[in-house]
Amino acid sequence: MDKTPAVSQVDLLFEVSWEVCNKIGGIYTVLSTKAKTLQKLFKDKTIFIGPDVWTAENPSPWFSECKIPGLSEWALDAKLPDGVNVRVGRWEIPGRPIAVLVKFDGMYAVKDEFYGEMWNRFGVDSLHAYGDYDEGCAFAHASGIVIESIIKSGYGQPVQPAGKRGRKKQSRIVAHFDEWTTGMGLLYVRWKLPKVGTVFTTHATSIGRSICGNNKPLYDYLKGYNGDQMARELNMEAKHSLEKAAAHAADAFTTVSEITATECEQLLERRPDVVTPNGFEKNFVPAATKLPAARKAARDRMLSTASALTGKKIDPNTFIVITSGRCEYRNKGLDLFLDVCDELKRCKPARNILAFVMVPAWPKEARADLAGRLADVEKTPIVSDETPLCDPIITHWLNNPDSDAVNCRIHQLGLNNLDSHVEVIYVPCYLNGTDGILDMSYYDLLPGADATVFPSYYEPWGYTPLESVAFGVPTVTTSLSGFGQWVLQAFDNYFDECGVNVIGRGDSNYRSVVENIAHSIEYLAGIDQKEDKKIRKAAMQTASEAAWSKFISYYDTAYQLALDKAAKRKVGQ
C-alpha cells in the first residue's frame, strides 16, 4: 500500500483531547498509538494538547517536561490569561511526540461571558449544563487560546525568504479536536483563526450513548429519534448542543465507524465527511518467541487465583475466556456475557470453562483472605478440594455490592462456582500490575486467555477485540461494534480465516446472540492444537491489517479537506 500522505505538507498539526497524557479510556489508545505514525509523516509538526490535571505529588507518568526549541521559548513569553499556564515536553509513548499540558483554572471566571459568546455565534446552549461540562469547556477554551498564541508566535511555520516580495505564503495549519469535551476549543479557533483548518472527531455521540445507557432501543428506532428532543428528555441539552455545533462548524467532521456515522447523521444532523477507523500499533505485544512464556505466566496466575477462591484444584487444561473494558453493563454487553456463561452450564464443552469479567467498578480493597490463600497456594498448591472462600466469585470487595450490576447478576444466575464446569470470576478493578491479587497488568494477562468475548450493544469502534487478536487470542464480538463491521467487510467471518467471529446483534435478538456466542465458545473449547495454532495466526494477521500505517490515509483525507476549506474562507467568515 502507498503510505505517502495525501497532504503534501502540513506546517503544524494540533490535536486536542482530554486524554492526552491522561490515560482514561479508549481515546487514549487511539491517540497514543496513532502518534508514532504521525511522527513518521510530520516529524515534530504535531503538537498534542491535553489538560494539566497533575500535581508535583501526583505527576503524569506519561509526560516529560523538556526543552523543545522554539516552543519552550514561546511558553516563557506567552501572554496567556490569568490562571492559564502551560508545560511543554514530550508524551512518553512510541514516537515521543510534542505535548503541551494546559492548566485552565482561569477560564472558570470568564465562563458565563464565553458561553454567551458561543450562544450568539454558534447557538451552543450551555444554560442546562451540569457535571463535567464546565470542566471540559474550560480546558477546551484554554486550549483554543494556547493554539492561537502558538500560531501568532510563528512557531513551526514557513519563514518568508529575506528580500522576497509578493504575498506571503499561507501556512497550512490543522487543529483537530476529539469529542464534545474539546468542542469549545474548535469553535474558538473557527472564530479567531479562520485560516486554520478544523477537524472534529466524535468517537461516540453523547446522546447516542445516553439513549443506550438509559436502556432505550437505539437501532430499531434510530430513524424516529430527534437528537434535540432526546437531549431534552434525557437532560443532555448542553453536551449535545455543543457536540452538534462543533460537528457543523468543523471543516472536516469524522467518526470512527460506519455505524456511528449513521448515528451522527440522524442525531447530530450532519453526515461525517470521512470515516476514520481506529488503527493499532503492536508495540506492547510480546514477540512471537516470548508469547509461550507470557501465556504460561498469565495462565498460572489466573488458574491459581481461581483455585484459591474456590478451594478447588483447577484443571490446567481449563478453557479461559475473558471480557473486559469499561464497566457499562448494557453498552459493553456485560449482561449478555454473563448470560452466555449461564448458557454454557447447559452445554457440554470439551473443557471446563473459567470466565473472567475484568472491568473496573467501585472496588473497596483487595480481599485479604484471597491474598493470604494465594500466598499459601504458591507455597503448597491445592491438590484436593478445600473449603471455598465466602463469596468465591470476586477478587476485590466492593463499596456497593448490592447495587453493582455485574455482582448482582452473577448471584442472580447462581454462578457461584460450586459444583459446575463453568466458573465465573469478577475482577472489579484496574489491572495495572499492583491490584493486590493478580498483580499483573491486563496486557500481561491477555495472552493467557483461550478466547475473549465482547458482545457490545453500543461500541463505536472496539479496541478490546482488536487488542485480543493482536495477542493471537481469538475473539467474539458483535455487528454493533465498528470493529465487528470492519471485520465483516474485510474478511470471511470464520475463526480460521480471521480469528474473529462476528455475531449479528440487533434490538430484538438477545437470546439468539447468547446461544450463538455460547456455541462459539463451545467450538473453540473443542478444537485441537493444530486448529488452535491456525486460528491464532489468523488473528494476528487481522491485527496487522488494522495497523495505523494502513488507516492513517483516512486522516490524510480529513486534513486535506480541512485545509482546502480554510484556504477558500475569507477572514470574517
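Before reading further, recall that the structure is shown in the block above.
Residues numbered from 1 in each chain as written. Predicted model: local features only at pLDDT ≥ 70, side-chain atom pairs only at ≥ 80, totals over all residues. Heavy atoms only, no water.

J.: Can you walk me through the overall build of the protein in this structure?
T.: Check the secondary structure of the protein and you find 20 helices and 17 strands. Here the C-alpha atoms of the protein give a radius of gyration of 25 Å, agreeing with the 25 Å that 2.2 N^0.38 yields for 573 residues. Per-residue burial over the protein gives 57% buried out of 573 residues. Long-range pairs, those at least 24 residues apart, make up 74% of the contacts in the protein with a sequence separation of at least 6. (Helix = DSSP H or I, 4+ residues; strand = E, 2+ residues; numbered from the N terminus. Rg over C-alpha atoms; globule rule 2.2 N^0.38 Å. Buried < 20%, exposed > 50% of the residue type's maximum accessible area, 1.4 Å probe, protein only. Contact = heavy atoms within 4.5 Å.)

J.: It is not clear to me how the sheet that holds strand 2 (residues 46-51) should be interpreted in this structure. Could you clarify?
T.: Across a sheet, strands are paired by hydrogen bonds formed along the backbone, either parallel or antiparallel in direction. Strands sit in the order 3-4-5-2-1-6-7-8-9 across an open sheet of nine strands; the sheet is mixed. Looking at the sheet topology across the chains shown, the edges are occupied by strand 3 (63-65) and strand 9 (274-275). Summarising the sheet, strand 8 (residues 252-255) and strand 9 pair through two bridges and their orientation is parallel. By the bridge assignment, Thr254 is partnered in strand 9 with Val274. Lying on the sheet, helix 9 (residues 258-267) is in contact with strand 7 (197-202), strand 8 and strand 9; it crosses strand 8 at an angle near 125°. (Pairing = 2+ DSSP bridges. Axes fitted to C-alpha atoms, helices over the stretch in contact; angles between N-to-C directions.)

J.: Just to check I follow, could you spell out the pattern of salt bridges for this structure?
T.: Pairing is possible between side chains of opposite charge, provided their charged atoms come close. Applying the stated criterion across every chain, the model contains 36 salt bridges. Across the pair Asp132 and Lys239 runs a salt bridge, and its minimum N-O distance is 2.8 Å. With Asp132 in the loop between helix 3 (111-122) and helix 4 (133-153) and Lys239 in helix 8 (residues 237-249), this pair connects stretches of sequence that are 107 residues apart. A residue is classified by how much of its surface remains accessible, and Asp132, at 36% relative accessible area, is partly exposed. On the basis of relative accessibility, which here comes to 17%, the residue Lys239 falls in the buried class. (Salt bridge = Lys/Arg side-chain N within 4 Å of Asp/Glu carboxyl O.)

J.: How should the side chain of Ser468 be read in this particular structure?
T.: Within the fold, Ser468 resides in helix 15 (residues 463-470). Residue Ser468 is classed as buried on the basis of its relative accessible area of 0%. Within polar-contact distance, the side chain of Ser468 engages the side chain of Thr452 at 2.8 Å. Apart from the residues lying within four places of it in its own chain, the contact partners of Ser468 are Leu446, Thr452, Phe454, Val473, Pro474 and Thr475. (Polar contact = N/O pair within 3.5 Å; in protein donor to acceptor, adjacent residues only side chain to side chain.)

J.: What is the right way to look at the sheet that holds strand 17 (residues 500-503) in this model?
T.: Taken together, the six strands give an open sheet; going across it, the order is 14-11-10-15-16-17, and neighbouring strands pair in parallel fashion. With partners counted over all chains shown, the strands left at the sheet margins are strand 14 (422-427) and strand 17, one partner each. Each strand of the sheet is rotated relative to its neighbour by a mean of 20°, with strand direction disregarded. Alignment of strand 10 (residues 319-324) against strand 11 (residues 353-358), held across six bridges, turns out to be parallel. Looking at the pairing, Ile320 lines up with Leu354 of strand 11.

J.: What exactly am I supposed to notice about the packing of aromatic side chains here?
T.: The full count for this structure, using the stated rule, is 28 aromatic pairs. On the basis of an interplanar angle of 40° and a centroid distance of 6.5 Å, the ring pair of Phe280 and Tyr463 is categorised as tilted. With Phe280 in the loop between strand 9 and helix 10 (291-310) and Tyr463 in helix 15, this residue pair connects regions lying 183 residues apart in the sequence. The same class applies to Phe280 and to Tyr463, which are both buried. For the ring pair Tyr443 and Phe471, a centre distance of 6.1 Å and an interplane angle of 0° mean the geometry is stacked. Here Tyr443, found in helix 14 (residues 442-445), pairs with Phe471, found in the loop between helix 15 and strand 16 (475-478); they are 28 residues apart in sequence, far enough to count as distant. (Phe/Tyr/Trp six-rings, centres within 6.5 Å; stacked < 30°, edge-to-face > 60°.)

J.: When you look at the nonpolar core in this model, what are you seeing that I'm missing?
T.: Soluble globular proteins: nonpolar side chains tend toward being buried together. Judged by nonpolar contacts, the single largest core of 78 residues is most densely connected at Trp91, Met302, Phe356, Met358 and Leu466. Looking at this core, the element that brings in the most residues is helix 20 (residues 548-568), giving eight residues. Residues in contact with Met358, not counting those within four places in the same chain, are Met302, Ile322, Thr323, Ser324, Gly325, Val427, Leu431, Leu438, Tyr442 and Leu445. Within the second largest apolar cluster, 56 residues are counted, among which are Ile173, Met184, Val189 and Ala245. (Core = buried A, V, L, I, M, F, W, Y, C linked by side-chain atoms within 4.5 Å.)

J.: How should the state of the cysteines be read in this particular structure?
T.: By definition, a disulfide links the sulfur atoms of two cysteine residues through a covalent bond. This model, assessed by the stated rule, comprises zero disulfides. Here Cys341 stays free of any disulfide, with the sulfur of Cys347 as its closest cysteine sulfur at 11 Å. Taking the relative accessible area as the measure of exposure, Cys341 reaches 2% and is therefore buried. Its relative accessible area of 10% is what places Cys347 among the buried residues. (Disulfide = S-S within 2.5 Å.)

J.: Before we go on, may I ask you to explain helix 18 (residues 510-526) in this structure?
T.: Side chains three or four residues apart in an α-helix point the same way, a direct result of the helix having 3.6 residues per turn. Taking 1.5 Å as the rise per residue, helix 18 with 17 residues should run 24 Å; its terminal C-alpha atoms sit 25 Å apart, in good agreement. Every buried residue of helix 18 is accounted for by Val513, Val514, Ile517, Ala518, Ser520, Ile521, Leu524 and Ala525. Projected onto a plane normal to the axis of helix 18, the buried residues spread over an arc of 155° and lie on a single side. (Expected span 1.5 Å × (residues − 1). Arc of directions from axis to C-beta.)

J.: How should the environment of Trp191 be read in this particular structure?
T.: Checked against the element boundaries, Trp191 lands in helix 5 (residues 183-192). Judged by relative accessible area, Trp191 falls into the partly exposed class, the value being 25%. Sequence spacing of Trp191 and Leu12 is 179 residues, and the spatial spacing of their C-alpha atoms is 19 Å. Those residues in contact with Trp191, other than ones at most four positions away along the chain, are Phe114, Glu117, Met118, Arg121 and Phe122.

J.: Can you help me understand helix 13 (residues 405-412) in this one?
T.: Looking only at helix 13, the buried set comprises Val406, Asn407 and Ile410. Projected onto a plane normal to the axis of helix 13, the buried residues spread over an arc of 100° and lie on a single side. Taken together, the buried residues of helix 13 touch helix 11 (334-346), strand 11, strand 13 (396-398) and strand 14. In this structure Asp404 caps helix 13, since a side-chain oxygen of it lies 3.2 Å from the backbone nitrogen of Val406. Just past helix 13, the residue Gly414 takes up positive phi, approximately 75°.

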